[in-house]
Amino acid sequence: MSNAGAVADRKAKAAAALMEMCSVRVGTTLFGVPIKHILEIVGGARPQPVPLAPGYVGGLVHYRGDVLTTVSLRHLLDMPARDGSQDFLVLENAGGCFGLLVDSVGEVLTVSAADYEPNPSILDGRRRTLFAGAYKLKDSLLVMLDPGRLDPMRLAEAQAA
């Protein structure tokens, strides 16, 4: 391989090791969702409650002519419900689209695979299924969320098991 080819190969590997994450907050914790799964960020949502729905269902919201089921990250983390409007991310995965309710949406961060840490072994099983590891930032941690793990259908299957 030529020197120019080796440099290009190193640059390609370095770029592949970087990932863009949308940062969100729930309480004081900073979470990250890979940008590639986010269709849109919607602020000021007031989800409509769904009677008899599982607790993790934050409600239904109108989104571009459709009705989306939202998942309450606060509920999944055993935190009290938040009064008033919330932000939500419209997430897309193999099962379709759903909303993820969060306290606030922050900035887009670029994280490096070199700063990734897997879930600690002492993390309880329920949280281990929700979190996909963490990235070390300069002054904090960014807990990675995998939209596939937060899909309402997958959560329903896990609850039924």
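You'll find the structure just up there.
Notes on the structure follow. (Residues numbered from 1 in each chain as written. Predicted model: local features only at pLDDT ≥ 70, side-chain atom pairs only at ≥ 80, totals over all residues. Heavy atoms only, no water.)

**Re the overall build of the protein chain**
Formally: Strands are runs of DSSP state E lasting at least 2 residues, helices are runs of H or I lasting at least 4, and numbering of each runs from the N terminus. Three exposure classes are used, based on accessible area relative to the maximum for each residue type with a 1.4 Å probe and protein chains only: buried under 20%, partly exposed in between, and exposed over 50%. For this analysis, residues touch if any pair of their heavy atoms sits within 4.5 Å.
Check the secondary structure of the protein chain and you find five helices and 11 strands. Per-residue burial for the protein chain yields a buried fraction of 36% across its 161 residues. Restricting to contacts in the protein chain with at least 6 residues of sequence separation, those with at least 24 account for 57%.

**Considering the sheet that holds strand S9 (residues 116-117)**
Operational definition: What makes two strands pair is DSSP finding at least two bridges between them.
Taken together, six strands build an open sheet; the order of strands is S8-S1-S2-S11-S10-S9 and the sheet is mixed. Every interior strand has two partners, whereas the edge strands, strand S8 (104-112) and S9, have only one. Note that strand S1 (residues 18-26) and strand S2 (residues 29-34) share six bridges and pair antiparallel. By the bridge assignment for S2, Ser 23 is matched with Gly 32.

**Some points on the sheet that holds strand S5 (residues 66-72)**
For the record, the criterion: All axes are obtained by fitting lines to C-alpha atoms, using only the stretch in contact for helices, and the reported angles, taken between N-to-C directions, cover 0 to 180 degrees.
Here we have five strands laid out as an open sheet, ordered S3-S6-S7-S5-S4, and mixed in their pairing. Lying at the two open borders of the sheet, with one neighbouring strand each, are strand S3 (38-45) and strand S4 (57-63). Going from strand to strand, the sheet's axes swing by 30° on average, the running direction of each strand aside. The pairing of S5 with strand S7 (residues 96-102) spans three bridges and is classified as parallel. Residue pairing for S7: Ser 72 is matched across the bridge by Leu 101.

**Observations regarding the nonpolar core**
Formally: Throughout, nonpolar core names a set of buried Ala, Val, Leu, Ile, Met, Phe, Trp, Tyr and Cys residues whose side chains join them through atoms within 4.5 Å.
Counting residues in hydrophobic clusters, the biggest one holds 24 residues, and the most contacted among them are Phe 31, Leu 73, Leu 76, Leu 100, Phe 131 and Leu 145. When contributions to this core are tallied by element, the ones reaching two or more residues are S1, S2, helix H2 (73-76), strand S6 (86-93), S7 and strand S11 (141-145). Each residue touching Phe 131, except ones within four places of it in the same chain, is listed here: Phe 31, Leu 77, Asn 119, Leu 123, Val 143, Met 144, Leu 145 and Arg 149. Counting residues in each nonpolar core, the second largest holds eight residues, with Leu 30, Ala 132, Leu 142 and Met 144 among its members.

**Details of the environment of Asn 93**
Within the secondary structure layout, Asn 93 lies in strand S6. Using a relative accessible area of 17% as the deciding quantity, one classes Asn 93 as buried. Put simply, Asn 93 and Lys 36 are 57 residues apart on the chain and 9.7 Å apart in space, counted from C-alpha to C-alpha. Once residues within four sequence positions are removed from consideration, Asn 93 is found in contact with Phe 98, Pro 147, Gly 148 and Asp 151.

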